[in-house]
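# Observations on the model geometry
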Protein chains: 2
Amino acid sequence: MTPYEIIRRKRDNETLSRKEIFYFVDEFMRGRIKDYQMSAFLMAVFYQGLNDEETLLLTEAYLRSGKTINLDHLAARKIDKHSTGGVGDKVSIILAPLAASLGVLVPMISGRGLGHTGGTLDKLESIPGFKVTGSIQRFKKQMKEIGVAMYGQSEFLVPADRKIYALRDVTATVDSIPLITASIMSKKLAAGIDGLVLDVKVGNGSFIPRMTRAEQLARNLIRIGQAFGKKVTTYLTSMDQPLGNKIGNWLEIEECLDCLKGEGPKDLVELTVELTTEMMILADLEKKRSVAKKKCFQALNDGSALKKFLELVKFQGGNIELLLHPERVGTASYSKKLTAAKDGFISQIDTYRLGVGSVHLGAGRFHAGSKVDPQAGLILYKKIGDPVKKGEVILELRSNKQAALEEAEIQLDHFCKIQPTGVRTPELVRKRLSQI
Amino acid sequence: MTPYEIIRRKRDNETLSRKEIFYFVDEFMRGRIKDYQMSAFLMAVFYQGLNDEETLLLTEAYLRSGKTINLDHLAARKIDKHSTGGVGDKVSIILAPLAASLGVLVPMISGRGLGHTGGTLDKLESIPGFKVTGSIQRFKKQMKEIGVAMYGQSEFLVPADRKIYALRDVTATVDSIPLITASIMSKKLAAGIDGLVLDVKVGNGSFIPRMTRAEQLARNLIRIGQAFGKKVTTYLTSMDQPLGNKIGNWLEIEECLDCLKGEGPKDLVELTVELTTEMMILADLEKKRSVAKKKCFQALNDGSALKKFLELVKFQGGNIELLLHPERVGTASYSKKLTAAKDGFISQIDTYRLGVGSVHLGAGRFHAGSKVDPQAGLILYKKIGDPVKKGEVILELRSNKQAALEEAEIQLDHFCKIQPTGVRTPELVRKRLSQI
């Protein structure tokens with residue numbers, strides 16, 4: 001068994017054994033298999049794939065590389081939620097405290113924004129003082145005291161995934177279903193979950209535009225979760241337009257606060273409630289979907305979800321005063337409003353372009369490690385199906401860099417299509433897949 | 001244009017531009033594109049290939065990375081020969097002085113043995129004192145004075161190929177026709193040739209066992225050579241049994257001396273003369289194949305090829321006395337003879353196994369940088385088609401390590417098949433392809 005022979009076997013579409021996969025990951029972590037061998041291996045996996053057994057073994061190898069958090073001493077079910085990433089997707093920030101306020105334990109490990117999509121951690125960090133790192137002890141204490149935690153992937157949790165993801169990111173090997181599956185599932189499993197709700201985004205603002213491929217990923221995630229004895233439900237949801245109306249870190253926190261006060265935009269609230277309902281079902285807190293749903297709306301309307309969010313922010317060091325008075329944060333120095341060129345109905349939105357535009361304004365990063373501007377971003381005044389009049393404002397750009405604003409204005413000039421007749425609002429939840 | 005985007009484009013089977021290929025190789029040589037990005041790129045090339053234009057550009061990029069030798073001031077044509085590697089393939093060592101003795105200028109850049117095949121440089125170095133490195137000035141001086149030089153790839157010639165080959169060797173990306181083509185052609189072109197005779201080995205002892213794939217490589221080499229304005233002829237020749245009877249460094253030098261005295265084994269002499277004839281044709285020294293062939297035999301029989309070989313060895317520091325009295329070198333400490341288990345005719349030889357066996361005995365290397373034992377090797381007493389009697393010696397093993405000898409004995413126990421009826425000797429030259 002040599003590194004060369006393992007690469008060659010995968011290259012020629014042979015099936016790797018447990019011993020080979022563990023050896024390859026373990027030796028890579030010890031520095032005895034080099035980056036250039038791992039990246040050749042990853043490219044071979046990109047072409048040849050991994051079967052279920054191999055994907056499971058890779059996930060296990062990732063898990064073995066670090067510590068895992070044991071939450072077995074907490075009586076209630078631990079359920080997490082994960083999204084494959086989209087534009088304006090701020091669901092986690094509303095869902096985690098909402099589910100926790102209803103009795104679900106939510107040990108959430110989130111990611112940062114990269115490419116055209118934002119990341120939950122960047123959004124949370126736009127709350128001054130908010131910390132997304134801490135010891136495993138601190139994480140467990142928080143879970144015990146308030147039932148919800150939102151952390152980034154520490155160096156102790158699945159270091160193999162961190163190291164391998166960094167390589168994938170610079171060698172064009174991110175877009176591989178088995179590699180995505182092992183990366184997601186290992187992180188979630190390391191946080192000690194009993195169940196998981198997955199939101200696989202489909203459409204022009206997602207990483208996986210085609211429905212068939214998104215379904216492949218969904219089924220793969222379910223199979224691997226099941227193999228670890230976890231309950232997994234996967235939703236395929238539309239990313240053919242942004243979720244809600246705001247894109248950008250602090251802008252999205254504002255919109256989350258609206259939702260937590262029962263005043264959020266319809267699509268964002270609908271999806272958050274749907275996914276939280278599923279978490280309650282997986283946690284065995286409710287059997288009836290309709291009852292669970294009603295409880296979600298109630299918790300959003302009566303302030304209990306907001307209360308839990310404030311507890312969460314306080315526990316992780318964030319400034320609560322600013323959440324109670326968000327207007328004190330102030331807005332970006334420069335802004336620009338784009339208007340409709342004609343009367344009609346919004347029929348299409350180039351979601352990817354909006355995502356890239358928001359990154360240019362400062363809201364995201366094209367390179368790991370870049371800083372983000374909490375105030376930069378976009379406000380979308382119209383969504384697909386909405387009627388517009390010529391000259392009416394449809395998009396607002398905000399940035400602290402004037403040059404970036406001017407560039408983004410040009411890029412975003414034709415971000416949507418307007419047609420003379422009405423169009424149907426696209427279905428938000430396109431499919432729900434559960435235990436196979 | 002970013003390294004990532006170039007990898008992704010090749011991954012998705014898009015065609016790369018001159019700018020992209022030059023950028024990728026140049027930046028790699030400058031250390032700004034990392035090994036792990038190059039290896040991911042190479043694996044993508046393994047799967048997607050390169051078209052003719054891309055292969056040409058890669059060859060150019062390799063060439064640009066180092067110096068080239070200009071031999072334009074020498075009036076005669078400069079013709080080199082290259083083999084893709086086989087077991088017992090010692091043709092270059094006879095052919096180079098033979099061609100030079102007939103007026104062809106032979107600026108030869110050779111390689112070392114790796115895996116189951118030996119290398120010309122290792123064989124030459126088994127002549128005490130023989131040096132395969134030197135300055136470009138020294139190389140040019142030697143070409144001017146004696147018309148033939150046999151050097152290794154110095155650090156000045158095509159360093160990009162050296163660096164990339166080292167990576168390919170440990171990432172299972174050697175076996176790619178466009179990468180093999182660029183690697184061979186860049187080295188040959190850097191040595192200032194006008195024409196090239198290529199010997200692509202096919203069969204169970206070659207790197208490319210299948211005829212169709214060998215033909216693809218042959219055509220690819222011809223097209224790239226032509227694109228650089230060079231005359232290229234490619235032979236597809238059988239490697240279903242070793243060439244000649246001896247395998248191992250000094251053993252092969254002994255067999256070359258036999259050939260240079262007109263006493264070599266039939267197959268080895270036949271192929272050497274065929275390829276040298278083609279060199280004379282490409283060099284415009286002869287028009288008629290039959291005349292050229294006759295001159296080759298004459299130069300082998302009248303001692304003029306041997307004389308040129310001695311000049312070559314002397315110029316490169318080798319001990320001529322030992323070539324005149326090869327018996328003084330002595331044999332390896334341990335030897336073992338294998339005998340036929342029954343009467344019949346040799347019908348098949350596992351050439352790959354013989355190659356691997358000779359490496360185990362000490363004649364080659366499994367890892368770049370390992371040392372080789374000049375005296376270790378194999379002597380094959382029978383070849384395909386030969387009649388044998390039960391108990392007759394068919395193979396002799398030689399080594400300076402007793403344990404290695406015992407291991408190799410077990411490995412080589414069934415290296416050939418004996419059948420009761422006669423078989424036809426396989427065709428040595430299977431195809432000849434020239435300008436397309």
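It should be emphasised that the depicted structure is a prediction, and the values quoted were computed from it without experimental measurement. Starting from 1, residues in each chain are numbered consecutively following that chain's sequence as written. Written order determines the labels here, with chains lettered from A and ligands numbered from 1. Residues qualify for local features only when their pLDDT is at least 70, as the model is predicted, and side-chain atom pairs are given and counted only at 80 or more; totals for whole chains, interfaces and linings, by contrast, use all residues. In computing side-chain properties, one takes all heavy atoms of the structure into account and sets aside hydrogens as well as water.

What follows covers helix 5 (residues 91-101) of chain B. Residue and element names in this part refer to chain B. Relative accessibility decides the category of a residue: with a 1.4 Å probe and only protein chains considered, values under 20% of the type maximum give buried, values over 50% give exposed, and everything between is partly exposed. Only runs of H or I of at least four residues qualify as helices and only runs of E of at least two qualify as strands under DSSP, and these elements are numbered from the N terminus. In terms of burial, helix 5 is largely enclosed, as ten of its eleven residues are buried. Within helix 5 the residues assigned to the buried category are V91, S92, I93, I94, L95, A96, P97, L98, A99 and A100. Directly after helix 5, the chain includes G103, whose backbone phi takes a positive value near 105°.

As a further point, take helix 9 (residues 177-190) of chain A. The span expected for a helix works out to 1.5 Å for each residue beyond the first. A rise of 1.5 Å per residue sets the reference length of helix 9 of chain A, with its 14 residues, at 20 Å; its end C-alpha atoms lie 20 Å apart and thus fit the reference within 8%. Just beyond helix 9 of chain A, the residue with positive phi is G192 of chain A, at close to 75°.

This part takes up the interface of chain A and chain B. Residue contacts follow a heavy-atom distance rule, with two residues in contact if any of their heavy atoms lie within 4.5 Å. Contacts between the two partners involve 23 residues from chain A, matched on the other side by 22 residues from chain B. Summed over both partners, the accessible area (1.4 Å probe) lost when two parts come together is defined as the buried area. For the pair chain A and chain B, the summed buried surface comes to about 1,800 Å²; carbon and sulfur atoms form 68% of the total. The largest per-residue losses of area from chain A upon contact with chain B belong to R11, Y36 and Y47 of chain A, which jointly make up 35% of the total buried on that side. We define a salt bridge as a contact between a side-chain nitrogen of Lys or Arg and a carboxyl oxygen of Asp or Glu at a distance within 4 Å. One can count zero salt bridges joining chain A with chain B. Distance and chemistry together define a polar contact, namely a pair of N or O atoms within 3.5 Å, with one atom able to donate a hydrogen and the other to accept it when in protein, and with adjacent residues in sequence counting only for side-chain atoms on both sides. Linking chain A with chain B are eleven residue pairs in polar contact (both at pLDDT 80 or more), by the criterion used here. Counting residues per element, the ones that place at least two in the side of chain A that touches chain B are helix 1 (3-11), helix 3 (35-48) and helix 8 (159-170) of chain A. Counting residues per element, the side of chain A that touches chain B draws most heavily on helix 3 of chain A, which supplies ten residues.

Attention now goes to the sheet that holds strand 11 (residues 393-399) of chain A. Residues and elements named next belong to chain A. Reading across the sheet, the four strands line up as 6-9-11-7 and stay open at both edges, with antiparallel pairing between neighbours. Across the chains shown, the open sheet's two edge strands, defined by having one partner strand only, are strand 6 (246-247) and strand 7 (334-339). In this analysis, strands are considered paired if DSSP registers two or more bridges between them. Here four bridges tie strand 9 (residues 377-380) to strand 11, and the two strands are oriented antiparallel to one another. Across the sheet, G377 pairs through a bridge with R398, a residue of strand 11.

All names here are of chain B. Residue position: Q142 is located in helix 7 (residues 136-146). With a relative accessible area of 0%, Q142 lands in the buried category. Separated by 3.1 Å, the side chain of Q142 and the backbone oxygen of V148 make a polar contact. A polar contact is formed between the side chain of Q142 and the side chain of Q316, at a distance of 2.9 Å. Once residues lying within four places of it in the same chain are set aside, the contact partners of Q142 are G147, V148, A149, Y151, L312, F315 and Q316.

Right, let's get into the packing of aromatic side chains. Aromatic pairing here means that ring centres of Phe, Tyr or Trp (its six-membered ring) are within 6.5 Å. Orientation follows from the plane angle: under 30 degrees is stacked, over 60 is edge-to-face, and everything else is tilted. In the structure shown here, the tally under the stated rule is seven aromatic pairs over all chains. Note on F139 of chain B and Y151 of chain B: the rings are 4.8 Å apart at their centroids and 90° apart in plane angle, and the pair reads as edge-to-face. One end of the pair, F139 of chain B, is in helix 7; the other, Y151 of chain B, is in strand 3 (residues 148-152), with twelve residues separating them in the sequence. Comparing F139 of chain B with Y151 of chain B shows no difference in burial state: the two are buried. Among the aromatic residues, ring-to-ring pairing joins F46 and Y47 of chain A together with F46 and Y47 of chain B into one connected group. Remark: a charge is flagged as sitting over a ring if the NZ atom of Lys or the CZ atom of Arg is within 6 Å of the ring centre and within 35 degrees of the ring normal. Above the plane of the ring of F156 of chain A lies K67 of chain A, whose end atom (NZ or CZ) is 5.1 Å from the centre.

A word on the relation of the copies chain A and chain B. The atoms used to superpose the copies are C-alpha atoms, taken from residues with pLDDT of at least 70 in both, and the fit is least squares. When chain A is fitted to chain B, the best match, at an RMSD of 0.1 Å, comes from turning it 180° and sliding it 0.1 Å along the axis. Each copy turns onto its partner about a two-fold axis. Considering only C-alpha atoms, the part of chain A nearest the rotation axis is Y36 of chain A, at 1.8 Å. Both copies share a contact surface, since 96% of the interface residues of chain A are interface residues in chain B too.

Attention shifts here to the pairing of strand 12 (residues 416-419) of chain A. Residues and elements named next belong to chain A. The alternating pattern of strand 12 places C416 and I418 on a buried face and K417 and Q419 on a face that is not buried. Across four bridges, the pairing between strand 8 (residues 344-349) and strand 12 is antiparallel. Paired with I349 across the two strands is C416, which belongs to strand 12.

Once that is clear, we can look at the pattern of salt bridges. All names here are of chain A. Tallied over the full model, the rule gives 80 salt bridges over all chains. The shortest N-O distance in the salt bridge between K90 and E255 comes to 2.5 Å. Note that K90 is positioned in the loop between strand 1 (79-83) and helix 5 (91-101) and E255 in helix 11 (residues 249-260), a separation of 165 residues in sequence. When its relative accessible area of 3% is taken as the criterion, E255 is described as buried. The network of salt bridges with common partners includes E5, R8, R9, R11, D12, E14 and E20.

A separate point is the confidence of the model for chain A. Should pLDDT be low for a region, the predicted coordinates there are not to be read in detail. Known as pLDDT, the predictor's confidence for each residue is given on a scale from 0 to 100. On average, chain A scores 94 in pLDDT, and the residues at 70 or more come to 100%. In the predicted complex, the global pTM is 0.87; the interface-specific ipTM is 0.85.

Attention now moves to the sheet that holds strand 10 (residues 387-388) of chain B. In spatial order, the strands read 10-8-12 (chain B); together these three strands make up an open sheet with antiparallel pairing. Pairing within the sheet leaves two strands with one partner each, and these edge strands are strand 10 and strand 12 (416-419) of chain B.

Residue and element names in this part refer to chain B. For helices, the fitted line uses only the C-alpha atoms of the stretch in contact; every axis is such a line through C-alpha atoms, and the angle between N-to-C directions lies from 0 to 180 degrees. The N-to-C vectors of helix 4 (residues 52-64) and helix 10 (residues 211-227) enclose an angle of 65°; their axes lie 10 Å apart at closest approach. The way helix 4 lies across helix 10 gives a crossing that is right-handed. On helix 10, the residues that touch D52, T55, L56 and T59 of helix 4 are N220, R223, I224 and A227. Tallied by class, the residues present in the contact of helix 4 with helix 10 amount to three nonpolar, three polar and two charged. Should the near helix be turned counterclockwise from the far one by less than a right angle, the crossing is left-handed, whereas a clockwise turn marks it as right-handed. Polarity classes work like this: nonpolar for Ala, Val, Leu, Ile, Met, Phe, Trp, Tyr, Cys and Pro, charged for Asp, Glu, Lys and Arg, and polar for all others, with Gly in that last group.

Time to look at the state of the cysteines. All names here are of chain A. When the sulfur atoms of two cysteines come within 2.5 Å, that pair is taken as a disulfide. Using the criterion set out here, one finds zero disulfides over all chains in the structure. Not engaged in a disulfide, the cysteine C259 finds its nearest cysteine sulfur in C256; these two sulfurs lie 6.2 Å apart. With no disulfide of its own, C296 has C259 as its nearest cysteine by sulfur position, at a separation of 13 Å.

Before going further, it helps to spend a moment on the domain arrangement of chain A. Residues and elements named next belong to chain A. What marks off one domain from the next here is an automatic or database domain assignment. Each domain of chain A was delimited in the assignment, giving domain 1 (3-49), domain 2 (79-325) and domain 3 (332-419). Computed over C-alpha atoms, the centres of domain 2 and domain 3 are 24 Å apart. In this assembly, 24 residues from domain 2 lie in contact with 26 residues from domain 3. Here domain 2 meets domain 3 over a buried area of about 1,900 Å², counting both sides, of which 55% is carbon and sulfur. Of the charged contacts, one joins R365 and D122 as a salt bridge, the two residues approaching to 2.9 Å between their closest N and O atoms. Sorting elements by how many residues they give to the side of domain 2 that touches domain 3 places helix 11 first, with three residues. Residues belonging to the side of domain 2 that touches domain 3 are distributed by class as follows: eight nonpolar, eleven polar and five charged.

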